[in-house]
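One letter stands for each residue in the lines below.
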Amino acid sequence: MAFVDRASAAPRRSAAARRTRLALVALAGLMLAGVGAHAEDDAALTGTRSGLPVPRFVSLKSDLVNVRGGPTKDHEVGWVYTHAGLPVEVTAEYENWRRIRDWEGAEGWVYHSLLSGKRTAFVAKAKGDGALVPIHETADPKSAVTANLEPGVLGSVKRCTGKWCRLIGKGFDGWIPQERLWGVYPNEILD
């Protein structure tokens, strides 16, 4: 999609440097495990730095976003996203770094200023279905169809009722069943 794999361009590191890096990643993981240790007790976890809910959906702010193996600039860049506006899910926070997960399940760390609170979503492919997805004039399956979208189309999420979301993009504006989007949670309400 919109990323460049940078693993082959990564510089070689000595075995000692790799062990040190792995130890730091493990330490960061232990520290983060402490942040979420009471997940069962808390209805809504919040980030240690931002105070915002974790997990949460955000979007990429920049056309070039380095995704690193850990929460510092010393960690290797695993890949680079090359398209602003892509939805990602924040799954953890460490100081000014956010661990994100993308639509393919890949996870890594990005600096907080490269993320935006603007909500976007992809039209998701239904299991075993590559068919076009209709978007409607209103949040009603009986209302007029304003466009038919392919899975993978990206749009801005303007509102969600818990069952339907208003999605706007290049050449379309309408309501789509919420379960057909990746970038919003089931039953999530957005005003």
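Look above for the structure.
Keep in mind that what you see is a predicted model, and the values were worked out from it rather than measured. (Residues numbered from 1 in each chain as written. Predicted model: local features only at pLDDT ≥ 70, side-chain atom pairs only at ≥ 80, totals over all residues. Heavy atoms only, no water.)

**With respect to the overall build of the protein chain**
Tallying secondary structure elements over the protein chain gives one helix and 16 strands in all. By the burial criterion, 37% of the 191 residues in the protein chain qualify as buried. Taking the intrachain contacts of the protein chain between residues at least 6 apart in sequence as the baseline, contacts between residues at least 24 apart amount to 57%. (Helix = DSSP H or I, 4+ residues; strand = E, 2+ residues; numbered from the N terminus. Buried < 20%, exposed > 50% of the residue type's maximum accessible area, 1.4 Å probe, protein only. Contact = heavy atoms within 4.5 Å.)

**With respect to the pattern of salt bridges**
Two side chains carrying opposite charge are able to pair once their charged atoms lie near each other. Under the defined criterion, the tally for this structure stands at eight salt bridges. Here glutamate 89 ties to arginine 101 by a salt bridge, and the two come within 3.2 Å at their closest N and O atoms. On the criterion of sequence distance, the pair formed by glutamate 89 in strand β5 (residues 87-94) and arginine 101 in strand β6 (residues 97-101) is long-range, its members being twelve residues apart. Here the residues in one salt-bridge network are Glu89, Arg99, Arg101 and Glu107, joined through shared partners. (Salt bridge = Lys/Arg side-chain N within 4 Å of Asp/Glu carboxyl O.)

**Topic: the environment of tryptophan 109**
In this structure, tryptophan 109 sits in strand β7 (residues 107-111). For tryptophan 109, a relative accessible area of 6% gives the class buried. Residues tryptophan 109 and asparagine 66 lie 43 residues apart in sequence; the distance between their C-alpha atoms is 8.3 Å.

**Here we look at the packing of aromatic side chains**
For the structure shown, the criterion picks out six aromatic pairs. Both rings, one in phenylalanine 57 and one in tryptophan 182, keep their centres 5.0 Å apart while their planes meet at 85°; by these two values the pair is edge-to-face. Linking phenylalanine 57 in strand β2 (residues 56-60) with tryptophan 182 in strand β15 (residues 181-182), this pair joins segments that are 125 residues apart in sequence. A relative accessible area of 22% places tryptophan 182 in the partly exposed class. Ring geometry for tyrosine 81 against tryptophan 103: centres 6.2 Å apart, planes inclined by 45°, an arrangement best described as tilted. Note that tyrosine 81 is positioned in strand β4 (residues 77-81) and tryptophan 103 in the loop between β6 and β7, a separation of 22 residues in sequence. (Phe/Tyr/Trp six-rings, centres within 6.5 Å; stacked < 30°, edge-to-face > 60°.)

**A closer look at the side chain of glutamate 93**
Locating glutamate 93 in the fold gives a position in strand β5. One polar contact links glutamate 93 to serine 50, side chain to side chain, over a distance of 2.6 Å. Within polar-contact distance, the side chain of glutamate 93 engages the side chain of arginine 56 at 2.8 Å. (Polar contact = N/O pair within 3.5 Å; in protein donor to acceptor, adjacent residues only side chain to side chain.)

**Some words on the nonpolar core**
Membership of the largest hydrophobic core comes to 15 residues, with the highest contact counts inside it found for Val157, Leu167, Ile176 and Leu181. At the level of elements, β9 (120-123), β10 (133-136), β11 (145-149), β12 (154-161), β13 (164-169) and β14 (172-177) are the ones that each hand at least two residues to this core. Setting aside chain neighbours within four positions, we find leucine 167 in contact with Ala121, Val123, Leu149, Gly155, Ser156, Val157, Phe172, Asp173, Gly174, Ile176 and Leu181. Core analysis: the second largest hydrophobic core is formed by 14 residues, Leu60, Val65, Trp103 and Phe122 among them. (Core = buried A, V, L, I, M, F, W, Y, C linked by side-chain atoms within 4.5 Å.)

As far as function goes, none of this settles anything; it's purely spatial.
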